[in-house]
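# Architecture and fold: a report
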Amino acid sequence: MSRENINRLVELIRSDPDLQRRVGQINRSTLQSTAHELSRLSLELGCPFTAEEFLREHYGLRCVGKAC
C-alpha cells in the first residue's frame, strides 16, 4: 500500500500548484527530515505512508536508530 500512496502523493503534487509550493518549502536539510515532512503531508492528504517507507521505496534505504 505504501508504494501506491507514495505514487498518489506524487500525482497530487504534480496536479496542484498549491501543493507544489508547500513541497518547495519543506526543510531539506537531511533526507530523513524531508521524508518525515512528506510523510506528514501524505497523512494530511489521505494517502499515508511513513518516512521509512518513503526512503525504502525511493532510495532503497532503511532508517537506523532514531534517525527516522
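Turning to the confidence of the model for the chain, a few remarks are in order. Scored by pLDDT, the chain comes out at a mean of 89, with 88% of its residues at no less than 70. Taken element by element, the chain is modelled with least confidence in helix 4 (residues 51–59), mean pLDDT 89, and with most confidence in helix 2 (residues 17–24), mean pLDDT 96.

Inspection of every chain in the model, using the stated rule, returns five salt bridges. A salt bridge links Arg 3 to Glu 57, with the shortest nitrogen-to-oxygen separation between them at 2.7 Å. Separated by 54 residues along the polypeptide, Arg 3 in helix 1 (residues 2–15) and Glu 57 in helix 4 bring together distant segments of the chain. Here Arg 21 ties to Asp 18 by a salt bridge, and the two come within 2.3 Å at their closest N and O atoms. In this pair, Arg 21 and Asp 18 both sit in helix 2, three residues apart, roughly one turn of the helix.

A word on the packing of helix 3 (residues 31–44) against helix 4. Packing of helix 3 against helix 4 brings their axes to within 8 Å, and their N-to-C directions diverge by 115°. By the angle between their axes, helix 3 is roughly perpendicular relative to helix 4. Read as a crossing pair, helix 3 and helix 4 show a hand that is right-handed. Along the contact surface, helix 3 presents Leu 31, Gln 32, Ala 35, His 36, Leu 38 and Ser 39, while helix 4 presents Ala 51, Phe 54, Leu 55 and Tyr 59. Classifying every residue of the contact of helix 3 with helix 4 gives seven nonpolar, three polar and no charged.

Along helix 4, the residues classified as buried are Ala 51, Phe 54 and Leu 55. Looking straight down helix 4, one finds that the buried residues subtend no more than 95° of arc, so they occupy a single side. Elements that come into contact with the buried residues of helix 4 comprise helix 1 and helix 3. Looking at the residues trailing helix 4, positive phi occurs at Gly 60, about 70°.

Basis of the calculations
- Residues numbered from 1 in each chain as written.
- Predicted model: local features only at pLDDT ≥ 70, side-chain atom pairs only at ≥ 80, totals over all residues.
- Heavy atoms only, no water.
- pLDDT = per-residue confidence, 0-100.
- Helix = DSSP H or I, 4+ residues; strand = E, 2+ residues; numbered from the N terminus.
- Salt bridge = Lys/Arg side-chain N within 4 Å of Asp/Glu carboxyl O.
- Axes fitted to C-alpha atoms, helices over the stretch in contact; angles between N-to-C directions.
- Parallel < 35°, antiparallel > 145°, perpendicular 65-115°, else oblique.
- Left-handed = near helix turned anticlockwise from the far one by under 90°.
- Contact = heavy atoms within 4.5 Å.
- Nonpolar A, V, L, I, M, F, W, Y, C, P; charged D, E, K, R; others polar.
- Buried < 20%, exposed > 50% of the residue type's maximum accessible area, 1.4 Å probe, protein only.
- Arc of directions from axis to C-beta.

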